[in-house]
There are 2 protein chains.
Amino acid sequence: MVTMTGQTGAHATRRATTVAQLSHIGLQLFIENGFDETTVDEIAAAAGIGRRTFFRYFASKNDLPWGDFDELVERMRADLAAVPDSEPLYATLTRAVLDFNTYPASELQYHRERMQLLMTVPSLVAHSTLRYESWREVIAEFAARRLGEPVGSLRPRMIGWVYLAASLGAYEQWLHDPGSELLEVLRSALDILSERLTA
Amino acid sequence: MVTMTGQTGAHATRRATTVAQLSHIGLQLFIENGFDETTVDEIAAAAGIGRRTFFRYFASKNDLPWGDFDELVERMRADLAAVPDSEPLYATLTRAVLDFNTYPASELQYHRERMQLLMTVPSLVAHSTLRYESWREVIAEFAARRLGEPVGSLRPRMIGWVYLAASLGAYEQWLHDPGSELLEVLRSALDILSERLTA
DNA sequence: ACGTTACGTGGCACTCGGTGCCACCGCAAG
DNA sequence: CTTGCGGTGGCACCGAGTGCCACGTAACGT
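Rules of the game
- Residue positions are given per chain, counted from 1 along the sequence in the order it is written.
- Lettering of chains starts at A and numbering of ligands starts at 1, both following the order in which they are written.
- Confidence filtering applies because this is a predicted model: local features only for residues at pLDDT of at least 70, side-chain atom pairs given and counted only at 80 or more, and all residues used for totals across whole chains, interfaces and linings.
- Side-chain measures here rest on the full set of heavy atoms in the structure, leaving out hydrogens and waters.
- The way it works is that DSSP assigns letters per residue, a run of H or I at least four long becomes a helix, a run of E at least two long becomes a strand, and they are numbered from the N terminus.
- The cut-offs for exposure are 20% and 50% of the maximum accessible area for each residue type, with area from a 1.4 Å probe on protein chains only; residues under the lower value are buried, those over the upper are exposed, and the others partly exposed.
- Two residues form a contact once any of their heavy atoms are found within 4.5 Å.
- Only the protein chains shown count as cover for residues, and the accessible areas themselves come from Shrake-Rupley with a 1.4 Å probe.
- Throughout this description, the term salt bridge denotes a Lys or Arg side-chain nitrogen within 4 Å of a carboxyl oxygen of Asp or Glu.
- An axis is simply a line fitted to the C-alpha atoms; with a helix, the fit covers only the stretch in contact. Between two such axes, the angle follows the N-to-C directions and lies from 0 to 180 degrees.
- Should an angle fall under 35 degrees it is taken as roughly parallel, and over 145 as roughly antiparallel, whereas 65 to 115 is taken as roughly perpendicular and any remaining angle as oblique.
- Less than a right angle of anticlockwise turn of the near helix away from the far helix marks a crossing as left-handed, whereas a clockwise turn marks it as right-handed.
- When the copies are superposed, the least-squares fit draws on C-alpha atoms of residues that have pLDDT of at least 70 in both.
- Each residue after the first adds 1.5 Å to the expected span of a helix.
- Nine residue types can take part in a nonpolar core, namely buried Ala, Val, Leu, Ile, Met, Phe, Trp, Tyr and Cys, and a core is a set of them joined through side-chain atoms within 4.5 Å.
- The directions from the helix axis to the C-beta atoms are what the arc is built from.
- Pairing of aromatic rings covers Phe, Tyr and Trp, the last counted by its six-membered ring, and requires centre-to-centre distances within 6.5 Å; plane angles under 30 degrees mean stacked, over 60 mean edge-to-face, and any other angle means tilted.
- Residue type decides the class: Asp, Glu, Lys and Arg count as charged, Ala, Val, Leu, Ile, Met, Phe, Trp, Tyr, Cys and Pro as nonpolar, and the leftover types, Gly among them, as polar.
- Scored between 0 and 100, pLDDT is the confidence that the predictor attaches to each residue.

Colleague: Can you help me understand the overall build of chain A in this one?
Modeller: Scanning chain A from N- to C-terminus turns up 9 helices and 0 strands. Counting every position in chain A, which comprises 199 residues, the buried fraction comes to 48%. Contacts in chain A between residues at least 24 apart in sequence constitute 64% of all its contacts with a sequence separation of at least 6. Surface exposure of chain A reaches about 9,900 Å², of which carbon and sulfur atoms provide 54%.

Structure, rendered in structure tokens:
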């Protein structure tokens, strides 16, 4: 169970576990026994590491279900940066949000269980707000650049908030309706944004 | 400093403190020394009550800055329920959001400091998501009734999310720009919603 | 081959938020 | 005066998160 991770170049050392492994083990426990009922001690024990070490992999128990979210956000940032200015703003953002939430069929069941936790366990629901900040930031940055406005101005920020709202609304709906398709619900949610909310 | 609260009718007993007093004392400490640097023990001591008693007034340290938010939400629910069907949906919601965030000039400074905490301290930012749920619910309920759709369907939920997004975007902007007027920023944010987010 | 250094590990003790339990006390009603 | 209710707060306990440090092992220099 010893893995090499030589990414850092010099002074690479064996790691007893990978983030992905730990995340998987923890999530399994959360699903089986409930989030609040599962202690970090139990997760560490199940993974065969010390409690202290757990907090070197994850800043908090709340971060465990998030996996490599930050990486995905960075990928979205890069993807958006590569979009030519000829592509219309809102269509690009819609496309980006759909891409961001596109998972291979094999991972869909897992993703659903993960999101079920993130959207229902109060502690996780609360914590998620902090994780979404960087996501909104990417959207706002892109919108600001396209609109020629500072990122700090109202419109880009609002666009970030509103696209997040659409995503969360879609996830809520997807989890609520077991037969639905995530991408379809997302598409519907994003469509509502493009309607005029007047009268 | 002993106050009578005989609301419950029979068996009314003196309370050593009121929620408002405690909230005020705590916020003062948060502003002066920082949220994370202030312990519940210190707040309790400053208020002259026991630590155990603090948690009978507030479910958590995070709830302290919220004051009577739930009451305001209930008022909004009642206000919306009283709006005749002849009033257009989105105009009514816009009006409701503006009313909800209308404070007497004397409380504005206090409100600003409170919101500064709620929107910047990570622990509070996270927790706020849980408090906003009931707010979104009120919006969604009204929209659902007006649209003749179940509350659980996508559109009413989205409307709840999107109006929350506008509110949070406006607050972010308001706090970011010391010279701005809350209601004006809010109005601008809500206006953006009523534009078509296309092309 | 040997010492040195870097680094992942994990034990220990501590802080702080939050909870269950319970004993205490004052007020109101009988 | 007695009984009962309700606010109070001390005490012990749990679990998340952190600082500190000692240990072992792999990589590196000589």
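Alright, that's what it looks like, and here's the rest.
Colleague: It is not clear to me how the interface of chain A and chain B should be interpreted in this structure. Could you clarify?
Modeller: Accessible area lost on assembly of the parts is the figure often given for the size of an interface. Facing 37 residues of chain A, the contacting portion of chain B comprises 38 residues. Counting across the interface, chain A meets chain B through 6 salt bridges. In this structure, B:Arg136 and A:Glu172 form a salt bridge, with 3.4 Å as the shortest nitrogen-oxygen distance. For the side of chain A that touches chain B, the elements supplying multiple residues, two or more each, are α5 (89–100), α7 (122–147), α8 (154–176) and α9 (182–193) of chain A.

Colleague: What am I meant to see in the packing of helix α4 (residues 69–81) of chain A against α5(A) here?
Modeller: The relative placement of two packed helices is expressed as an angle between their axes plus a distance between the axes. Residues and elements named next belong to chain A. The interhelical angle for the contact between α4 and α5, taken along N-to-C directions, is 150°, at an axis separation of 11 Å. Here α5 runs roughly antiparallel to α4, going by the angle between their axes. Considering the relative orientation of α4 and α5, their crossing is right-handed. Contacts between α4 and α5 involve Phe69, Leu72, Val73, Met76 and Leu80 from the former and Thr92, Leu93, Ala96 and Phe100 from the latter.

Colleague: What's the story with the environment of A:Phe100 in this structure? I'm lost.
Modeller: Relative to the helices and strands, A:Phe100 is located in helix α5. Dropping the residues within four chain positions of it, A:Phe100 is found in contact with A:Phe69, A:Leu72, A:Val73, A:Met76 and A:Trp135.

Colleague: Honestly, the pattern of salt bridges in this entry has me stumped. Any pointers?
Modeller: Any two side chains of opposite charge can pair, on the condition that their charged atoms come close. With the rule as written, the count across this model stands at 20 salt bridges over all chains. Note that A:Arg77 is salt-bridged to A:Glu141, the shortest N-O span being 3.1 Å. A residue pair is termed long-range when its members are at least 10 positions apart, and A:Arg77 in helix α4 and A:Glu141 in helix α7 qualify at 64 residues. Exposure remark for A:Glu141: the relative accessible area of 32% places this residue in the partly exposed category. For B:Arg131, the salt bridge identified is with B:Asp70, shortest N-O distance 3.3 Å. Taken together, the residues B:Arg131 in helix α7 (residues 122–147) and B:Asp70 in helix α4 (residues 69–81) connect sequence positions 61 residues apart. Here B:Asp70 falls in the partly exposed class, since its relative accessible area comes to 44%.

Colleague: Looking at this structure, I do not really get the relation of the copies chain A and chain B. What am I missing?
Modeller: Two chain copies, one operation linking them: a rotation about an axis together with a shift along it. Overlay of chain A on chain B (RMSD 0.0 Å): rotation 180°, translation along the axis 0.0 Å. Each copy turns onto its partner about a two-fold axis.

Colleague: Can you walk me through α8(A) in this structure?
Modeller: Residues separated by three or four positions in an α-helix point in the same direction, a consequence of the helix having 3.6 residues per turn. Given a rise of 1.5 Å per residue, 23 residues ought to cover 33 Å, and the 32 Å separating the end C-alpha atoms of α8(A) matches this to within 8%. With 21 of 23 residues buried, α8(A) lies mostly within the body of the structure.

Colleague: Help me out: how do you make sense of the nonpolar core in this one?
Modeller: It is characteristic of soluble globular proteins that their nonpolar side chains tend to be buried jointly. Counting 119 residues, the largest nonpolar core has A:Trp135, A:Tyr163, B:Trp135 and B:Tyr163 as the members making the most contacts within it. Non-local contacts of B:Tyr163, meaning those with residues more than four positions away in its chain, are made with B:Tyr90, B:Leu93, B:Thr94, B:Val97, B:Trp135, B:Ile139, B:Leu190 and B:Leu193.

Colleague: It is not clear to me how helix α9 (residues 182–193) of chain B should be interpreted in this structure. Could you clarify?
Modeller: All names here are of chain B. Look at α9: 17 Å from first C-alpha to last across 12 residues, which is about the 16 Å you get at 1.5 Å a residue. Taken as a whole, α9 has its buried residues at Leu182, Val185, Leu186, Ala189, Leu190, Ile192 and Leu193. Down the axis of α9, the buried side of the element spans an arc of 150°, and every buried residue falls inside it.

Colleague: Where do I start with the packing of aromatic side chains in this structure?
Modeller: Remark: the centre distance and the inter-plane angle together describe each pair of aromatic rings, the angle taken between the planes. The full count for this structure, using the stated rule, is 18 aromatic pairs over all chains. A ring pair is formed by B:Phe69 and B:Tyr132, whose centres lie 6.3 Å apart and whose planes are at 70°; its orientation type is edge-to-face. Residue B:Phe69 is found in helix α4, and its partner B:Tyr132 is found in helix α7; the two are separated by 63 residues along the sequence. Neither residue differs from the other here; B:Phe69 and B:Tyr132 are each classed as buried. Aromatic pair B:Tyr171 and B:Trp174: ring centres 5.8 Å apart, planes at 75°, arrangement edge-to-face. Within this pair, B:Tyr171 and its partner B:Trp174 are both found in helix α8 (residues 154–176), separated by 3 residues, close to a single helical turn. Here the two residues B:Tyr171 and B:Trp174 agree in accessibility, since each one is buried. Among the aromatic side chains, those forming a connected cluster through ring pairs are A:Trp66, A:Phe69, A:Phe100, A:Tyr132 and A:Trp135.

Colleague: Help me understand the packing of α7(B) against α8(B), please; the structure alone is not making it clear to me.
Modeller: Residues and elements named next belong to chain B. In contact at an axis separation of 8 Å, α7 and α8 are set at 135° when each is read in the N-to-C sense. One element, α7, and the other, α8, form an angle in the oblique class. The hand of the α7/α8 crossing is right-handed. Mapping the contact onto sequence places Tyr132, Trp135, Arg136, Ile139, Ala140, Ala143, Ala144 and Leu147 in α7 and Arg155, Pro156, Arg157, Ile159, Gly160, Trp161, Tyr163, Leu164, Ser167 and Leu168 in α8. Among the residues making up the contact of α7 with α8, the classes are represented as 13 nonpolar, 2 polar and 3 charged.

Colleague: Explain the environment of B:Arg131 to me, please; I cannot follow it from the model alone.
Modeller: Residues and elements named next belong to chain B. Taking the relative accessible area as the measure of exposure, Arg131 reaches 13% and is therefore buried. Residues Arg131 and Leu117 lie 14 residues apart in sequence; the distance between their C-alpha atoms is 15 Å. Ignoring anything within four residues of it in the chain, the contact list for Arg131 reads Asp63, Trp66, Phe69 and Asp70.

Colleague: Explain the confidence of the model for chain A here, please?
Modeller: In regions of low pLDDT, the predicted coordinates are not meant to be interpreted in detail. On average, chain A scores 91 in pLDDT, and the residues at 70 or more come to 90%. Here residues 1–12 of chain A is a poorly scored stretch, pLDDT under 50, and it has 13 contacts once near neighbours within four places are set aside; other chains count.

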